[in-house]
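# Summary of the model geometry
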Amino acid sequence: SASDLGEEFKEVADDSSDFGGSFSGFGDFLGAGAIIEVAKGIADSIGGIIDETKEYRKIMASLDVSSSAAGYSADETAASYEKLYSVLGDDQTAATATANLQALKLPQEQLAEITNAAIGAWATYGDSIPIDSLSEAINETIKTGNVTGAFADVLNWAGQNEDAFNEKLSSAADEADRANIVLQAMADQGLIKAGEAWQQNNQDIQKANQAQLDFMENSSQLAASFSPLVTAIKEASANALGFLADAFSGVDFGGIVDGETSLQEFSGQLSDAIASVASGLSMNLPSMIQTGTQMVGAVISGIV
């Protein structure tokens, strides 16, 4: 059926090439209107997908930049992000936590351990230790060599002394050593095992979140594919509105309502505006039909 519809659009395009400079081919004009309506319907439907995935695509674009700067591959980033999203079900929190932990530039295996530890802290202490805040505090603690933020809460609630921990950090040779100290402290609290246990015991939640993530990812890919089409339709619509605004700019609608413009003057103004629109349509109709046909045909081909 799609193939037959495509052939019909091609016939309309071929017929439009013989269109003259007047409305003698009014049937072609109606055909152009139908194509424009089809294109508008497609734009409205796909536009919803584009709007719904815009925030997700912005978040993932930012994550791609930060992960690339930290030296991680797309697959490594996907593994970290998907693990966090499957637990949290929140794209912004998962992306922020992933970026903060990747900024440590740890080997992927060690990054997976510290990610599990962060999940374990959240599972143990609840929302009072948000994962994105904890990941930022871990990053800052390792970078500066001083306990800070939510990581300080993790130590305090486990009864560990901050000053003593800061002394350990100050004796470390570099950031890699400080990362090992932080990771060991979280492991000693059982947070890595707690994170792994939470994931093992809540696989139904993770599967549901993973399905939602897959849906968002595929929707965003579809939105990215169709964005140029929707943009082209919006630009064409804007141009058409501008053309109509110019054509009717000389019509004094307010004057005829207020009685300041005579009916004869108003009729002349309106006649000139309609003539201008008719002339513009006559000149541009073949290209309008061709453009509309190409837009709809491209979408149909993509769906097939």
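Basis of the calculations
- Position labels on residues start from 1 in each chain and follow its written sequence.
- Confidence filtering applies because this is a predicted model: local features only for residues at pLDDT of at least 70, side-chain atom pairs given and counted only at 80 or more, and all residues used for totals across whole chains, interfaces and linings.
- Calculated side-chain values reflect all of the structure's heavy atoms, with hydrogen atoms and water omitted.
- Secondary structure counts use DSSP, requiring at least four H or I residues in a row for a helix and at least two E residues in a row for a strand, with both numbered from the N terminus.
- Between two residues, a contact is recorded if the distance between any of their heavy atoms is within 4.5 Å.
- Axes here refer to lines fitted to C-alpha atoms; in helices the fit is confined to the stretch in contact. Angles between the N-to-C directions go from 0 to 180 degrees.
- Oblique is the label for every angle not falling under 35 degrees (roughly parallel), over 145 degrees (roughly antiparallel), or within 65 to 115 degrees (roughly perpendicular).
- Note: crossing handedness is left-handed where the near helix turns anticlockwise from the far helix by less than a right angle, and right-handed where it turns clockwise.
- With a 1.4 Å probe rolled over the protein chains alone, any residue whose accessible area is under 20% of its type maximum counts as buried; one over 50% counts as exposed, and the rest are partly exposed.
- Put simply, a salt bridge is a Lys or Arg side-chain nitrogen that is within 4 Å of an Asp or Glu carboxyl oxygen.

Right, let's get into the side chain of Asn116. Inspection of the secondary structure puts Asn116 in helix α5 (residues 108-125). Aside from chain neighbours lying at most four places away, what touches Asn116 is Lys83, Leu191, Ile192, Gly195, Glu196 and Gln199.

The next thing to look at is the packing of α5 against helix α6 (residues 131-144). Relative placement of two packed helices is described by the angle separating their axes and the distance separating the axes. Orientation of α5 relative to α6, taken along the N-to-C sense of each, is 130 degrees, at an axis distance of 10 Å. It follows from the interaxial angle that α5 and α6 lie oblique. Considering only the axes of α5 and α6, their crossing is right-handed. Residue-level contacts link Ile114, Ala118, Ile119, Ala121 and Trp122 of α5 to Ile131, Leu134 and Ile138 of α6.

Unlike most non-glycine residues, Lys105 shows phi in positive territory, near 60 degrees. By the secondary structure assignment, Lys105 is in the loop between α4 (91-102) and α5. Taking the relative accessible area as the measure of exposure, Lys105 reaches 55% and is therefore exposed.

Taken as a whole, this structure holds three salt bridges when the rule is applied. Lys143 is the salt-bridge partner of Glu175, the closest N and O atoms lying 3.4 Å from each other. Here Glu175, found in helix α9 (residues 175-188), pairs with Lys143, found in helix α6; they are 32 residues apart in sequence, far enough to count as distant.

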